[in-house]
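As a plain string of letters, each chain reads:
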Amino acid sequence: MIRVENIDKSFGELEVLRDISVSFLRGKTNLIIGRSGAGKTVLLKILIGLIHPTSGKVFYEDTNFYDLNKRQVRKLRMDVGMLFQSSALFDSLTVDENIRFPLDMFTKMTHKEKSIRVNYCLERVNLEGINNKYPSEVSGGMQKRVGIARAIVMEPKYLFCDEPNSGLDPKTSITIDKLIQEITRENNITTIINTHDMNSVMEIGEKIILLEGGNLAWEGTSTEVLSEGNELIQNFIFASPFLQRLKNMALK
Amino acid sequence: MIRNFIFHFGRYVLLLGQSLGGPRKARTYFKEVVRHMYDIGIGSVIIVALISLFIGAVTAVQFAYQLGGTLIPRYYIGYIVRDMTIIELAPTITCLVLAGKVGSNIASEIGGMRQKEHIDAMEIMGVNTASYLILPRIIAGMTMIPLLVFMAATISILGAFLASVPMGFFSGDEFVKGLGLFYDPYNVFMMFVKSVVFSFILITIPAYQGYFVKGGSIELGNSSTAAVVYSNIFILLADYLIAVVLTA
């Protein structure tokens, strides 16, 4: 579990996050949603230590991340996997080398053991046989899946996904969402997803937090979105007239 | 301006400290060192050879012209070309050229990795990114660039010979006699000292510029330009300081 306590973040005069306190649950897909500029990416980066908060604490289980020294942070990060919006695959490395990279850096596994692990991860994301291709030679959706394979290769306890569906067609988005949810459940991972995608919210939102103007505006599950009658979350998720009609039909 | 300089200098020193922190696993760095040795060394052979050839040729022809009609023996041209090449032209010109070629490449490669979140990805994995990205380049640069400088000095002297002797400015014997005149191995030592110091400058300054780049393609272009400009300035400054220290 990851717990955030009283996080504030300002960039100069600009207050981006105000007094955010929330828990992200183990074995569940936790979603951070909100409009552009609401502070989602900043919150995600604070959770993984790429941006330091102005004040507040981030607990990984019982350990405050911001009390750790550099060595302890590096050790903790071996339990963290991250899928970037751009996939962030290394251009000069093949798919195989990209996934193998953390194993090369941090494990004492033999070449054969690494190959078995890499192939398992590729199979897990349904991408067998593309080991020797370069990231530029595969599609955006495949790059995302390679990104997931790299994120899980070290068997992380925490998985962070920054806009995993951006730039993907709806069908591929659903595949990615399902894959992340399955991996989360199988491995009992604490998964935190930063997303704009309303399909994701309704399909895999086991815990959802809505940020609005830097504040925590709503917290709940995808089923509560429809039942609770919270206007703010409903207006955000069912923003277009088409989605409003669909929601009304569903409620009927 | 002074505050800005102190800020950047302090951050540069901290980055160097972090990058010299050493690898978790030496084997993972070895592959990177070899890759950069190839890029910096083999990738620069042709440009360095061409520039050295012409610099040697022009130096010889110019001195033949300058000394024409004077009482100075013509074989002095070989001596002048040799010492100018070894002490100054080979290390300094080669490294100024490499600051443009290798330096801009390092700044844009590392800067591109920063912009495409590759560095963030490595940080999250727990990699010491400063060390992984900069240390192999420093090792590769400080190994290959002195060799390139040595090659440049050799080709430059060869260029002087080829441009002058067949054209009849002086005979081959005169040139060879001049080359052996007042030979001091200390000058070769000075050449290697310069090339090691310059290579450190032309690797680390661009690495710093790339590592901390922010924004988009314009900022990346600016960092690449700044990398070359600052590398050149600091190479020339170091050239002066080394000359003062080693000839005192």
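Residues numbered from 1 in each chain as written. Chains lettered and ligands numbered in written order. Predicted model: local features only at pLDDT ≥ 70, side-chain atom pairs only at ≥ 80, totals over all residues.

Asks: Go over the overall build of chain A with me, naming the residues and quoting the values.
Replies: For chain A, the count of helices and strands is 10 helices and 10 strands. Taking 18 Å as the expected radius of gyration for a compact globule of 252 residues, we find that chain A reaches 19 Å, a close match to that expectation. Projected onto its principal axes, the C-alpha positions of chain A cover 55 × 45 × 30 Å. Taken across its 252 residues, chain A has 40% of its residues classed as buried. (Helix = DSSP H or I, 4+ residues; strand = E, 2+ residues; numbered from the N terminus. Rg over C-alpha atoms; globule rule 2.2 N^0.38 Å. Buried ≥ 20, exposed ≤ 12 C-beta atoms within 10 Å, placed from the backbone.)

Asks: If you had to explain the overall build of chain B to someone new, which residues and values would you point to?
Replies: Along the backbone of chain B there are nine helices and zero strands. Along chain B, helices (α) and strands (β) appear in the sequence α-α-α-α-α-α-α-α-α when read from the amino end. Taken along the three principal axes of its C-alpha coordinates, chain B extends 70 × 40 × 35 Å. The long-range fraction of contacts in chain B, counting pairs at least 24 apart against all pairs at least 6 apart in sequence, stands at 88%. (Contact = placed C-beta atoms within 7 Å.)

Asks: Talk me through the pairing of strand S9 (residues 207–212) of chain A; I want residue IDs and the actual numbers.
Replies: All names here are of chain A. One ladder, built from five bridges, connects strand S3 (residues 29–34) with S9; its direction is parallel. The residue of S9 that forms the bridge with Leu31 is Ile208. Across five bridges, S9 lies against strand S10 (residues 215–220) in antiparallel orientation. Within the sheet, the bridge partner assigned to Ile209 lies in S10 and is Glu219. Counting the residues between successive antiparallel strands, the hairpin from S9 to S10 contains two residues, one of them, Gly213, with a positive phi of roughly 55 degrees. (Pairing = 2+ DSSP bridges.)

Asks: For unusual backbone geometry, give the residues involved together with the corresponding values.
Replies: Residue and element names in this part refer to chain A. Its identity as a non-glycine residue notwithstanding, Asn6 has a phi of 50 degrees, on the positive side. For Asn6, the location among the structural elements is in strand S1 (residues 2–11). Asn6 sits in the exposed class, given 12 other C-beta atoms within 10 Å. One non-glycine residue, Ser87, lies in positive phi territory at about 75 degrees. Along the chain, the position of Ser87 falls in the loop between strand S6 (80–83) and helix H3 (95–106). Among the residues examined, Ser87 registers 23 C-beta atoms within 10 Å and is labelled buried.

Asks: Could you give me a rundown of the environment of Ile204 of chain A, with the residues and numbers involved?
Replies: Residue and element names in this part refer to chain A. Among the structural elements, Ile204 can be located in helix H7 (residues 198–204). Sequence-wise, Ile204 and Asn215 are 11 residues apart; in three dimensions their C-alpha atoms are separated by 23 Å. If near-sequence neighbours (up to four positions away) are discounted, Ile204 is found in contact with Thr29, Asp177 and Gln181.

Asks: Just give me the short version of the interface of chain B and chain A, but keep the residues and values in it.
Replies: The interface is formed by 13 residues belonging to chain B together with 15 residues belonging to chain A. Sorting elements by how many residues they give to the side of chain B that touches chain A places helix H5 (residues 118–125) of chain B first, with six residues. The residue makeup of the side of chain B that touches chain A, split by class, is four nonpolar, three polar and six charged. (Nonpolar A, V, L, I, M, F, W, Y, C, P; charged D, E, K, R; others polar.)

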